[in-house]
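Now for the letters of each chain:
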Amino acid sequence: MGLPENKKYKAVNVGGLMIDDSIRVFTYLIENKANNPNLQELMQILPMKSEASQRRIFQELLRRFRQMDNLVSDYFFRAERNEQIILLFYAAMKNYQLLFDVVFQLVIPKYYKSEKALHGMDILAFFDNKVLEQAQIENWSVRTRKNMAAIMLMMLKESGIQKNEQIVPLLATDDFWRMFVKSGEYWMLDAALLSKEDKLRINSI
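Residues numbered from 1 in each chain as written. Predicted model: local features only at pLDDT ≥ 70, side-chain atom pairs only at ≥ 80, totals over all residues. Heavy atoms only, no water.

### Here's the deal with the overall build of the protein chain
So, step 1. When helices and strands are counted, the protein chain shows eleven helices and two strands.
So, step 2. Beginning at the N terminus, the succession of helices and strands in the protein chain can be written as α-α-α-α-α-α-α-α-β-β-α-α-α.
So, step 3. On C-alpha atoms alone, the protein chain measures out to a radius of gyration of 17 Å, which is about the 17 Å that the 2.2 N^0.38 rule sets for 205 residues.
So, step 4. Considered along the principal axes of its C-alpha atoms, the protein chain spans approximately 50 × 45 × 30 Å.
So, step 5. Within the protein chain, contacts between residues at least 6 apart in sequence are counted, and of these 68% link residues at least 24 apart.
So, step 6. Total accessible area computed for the protein chain in this model is approximately 10,800 Å², and 50% of it derives from carbon and sulfur atoms. (Helix = DSSP H or I, 4+ residues; strand = E, 2+ residues; numbered from the N terminus. Rg over C-alpha atoms; globule rule 2.2 N^0.38 Å. Contact = heavy atoms within 4.5 Å. Areas by Shrake-Rupley, 256 points an atom, 1.4 Å probe, with all protein chains shown as cover.)

In structure tokens:
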């Protein structure tokens, strides 16, 4: 699978997928093949007045970008916007064990049991069920839990997998999904809620 199992959850305060900022930063990194990007130059493409905010957001986006497989990042440059958003969701799942587990242990099971409604309370209940496995959750304040649930739900909404409080599959071309197969990230097809028929078709070529 795409992430190590039983990696500890971190209580982080991030602004969801940060779609527009991410697209700008990821595009810059890909265009310039920047393994060691110029921090000052990159910060200039983030439309924030505070240098501290620019630095914090850039470092966060750089961590996400570095989680992407090379084949995936190469595709990002030519992807349509809806595909870029799915790629940002992929990068976030690679970066956050919590988001990955919410998708695989909450969203996917609910969807296939035809329990397609998804709310913040479902994610809070998920936290309660994970306390024995992820003991640090017990140390989170009520405010932290609510904040983390809100961030997870925001990412699900921004990705398109939660729409009008319902879980829905992500839509893209077969070539797009095939790219994940070629890169060894087949789990992303499961995360996107593709049907068995879709996965068989994608794997047939």
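### Some points on the side chain of Thr 27
So, step 1. Assignment of secondary structure puts Thr 27 in helix H1 (residues 19–31).
So, step 2. What makes Thr 27 buried here is its relative accessible area of 19%.
So, step 3. Here Ile 23 takes part through its backbone oxygen, which lies 2.6 Å from a polar atom of the side chain of Thr 27.
So, step 4. Residues contacting Thr 27, with those up to four places away along its chain left out, are Ser 22, Phe 76 and Phe 77. (Buried < 20%, exposed > 50% of the residue type's maximum accessible area, 1.4 Å probe, protein only. Polar contact = N/O pair within 3.5 Å; in protein donor to acceptor, adjacent residues only side chain to side chain.)

### Remarks on the packing of helix H9 (residues 174–182) against helix H11 (residues 196–203)
So, step 1. One way to put it is that H9 packs onto H11 with a least axis distance of 9 Å and a crossing angle of 75°. With respect to their mutual orientation, H9 and H11 come out roughly perpendicular. Touching Asp 174, Trp 177, Arg 178 and Val 181 of H9 are Arg 201, Ile 202 and Asn 203, all from H11.
So, step 2. Partitioning the contact of H9 with H11 into residue classes produces three nonpolar, one polar and three charged. (Axes fitted to C-alpha atoms, helices over the stretch in contact; angles between N-to-C directions. Parallel < 35°, antiparallel > 145°, perpendicular 65-115°, else oblique. Nonpolar A, V, L, I, M, F, W, Y, C, P; charged D, E, K, R; others polar.)

### Regarding the packing of helix H5 (residues 81–95) against helix H8 (residues 142–159)
Geometrically, a packed helix pair is captured by the angle between its two axes and the distance between the axes.
So, step 1. Two elements in contact, H5 and H8, have axes whose closest approach is 9 Å; the angle formed by their N-to-C orientations is 150°. As judged from the angle between their axes, H5 and H8 are roughly antiparallel. Crossing of H5 against H8: the hand is left-handed. Of the residues in H8, those touching H5 at Ile 85, Phe 89 and Ala 92 are Met 155, Leu 156, Glu 158 and Ser 159.
So, step 2. Partitioned by chemical class, the residues of the contact of H5 with H8 number five nonpolar, one polar and one charged. (Left-handed = near helix turned anticlockwise from the far one by under 90°.)

### Thoughts on the environment of Leu 132
So, step 1. Secondary-structure assignment places Leu 132 in the loop between helix H7 (120–129) and H8.
So, step 2. For the pair Leu 132 and Arg 201, spaced 69 residues apart in the sequence, the C-alpha separation amounts to 40 Å.

### Let's talk about the pattern of salt bridges
So, step 1. This model, assessed by the stated rule, comprises eleven salt bridges.
So, step 2. For the salt bridge of Arg 145 with Asp 128, the shortest nitrogen-to-oxygen distance reads 2.7 Å. Of this pair, Arg 145 sits in helix H8 while Asp 128 is found in helix H7, placing the two residues 17 residues apart along the sequence.
So, step 3. Exposure remark for Arg 145: the relative accessible area of 17% places this residue in the buried category.
So, step 4. On the basis of relative accessibility, which here comes to 48%, the residue Asp 128 falls in the partly exposed class.
So, step 5. Between Asp 190 and Lys 199 there is a salt bridge, and its shortest N-O distance comes to 2.6 Å.
So, step 6. Looking at Asp 190, the relative accessible area reads 22%, which means it is partly exposed.
So, step 7. Connected through salt bridges with shared partners, the residues Glu 60, Arg 63 and Arg 64 form a single ionic network. (Salt bridge = Lys/Arg side-chain N within 4 Å of Asp/Glu carboxyl O.)

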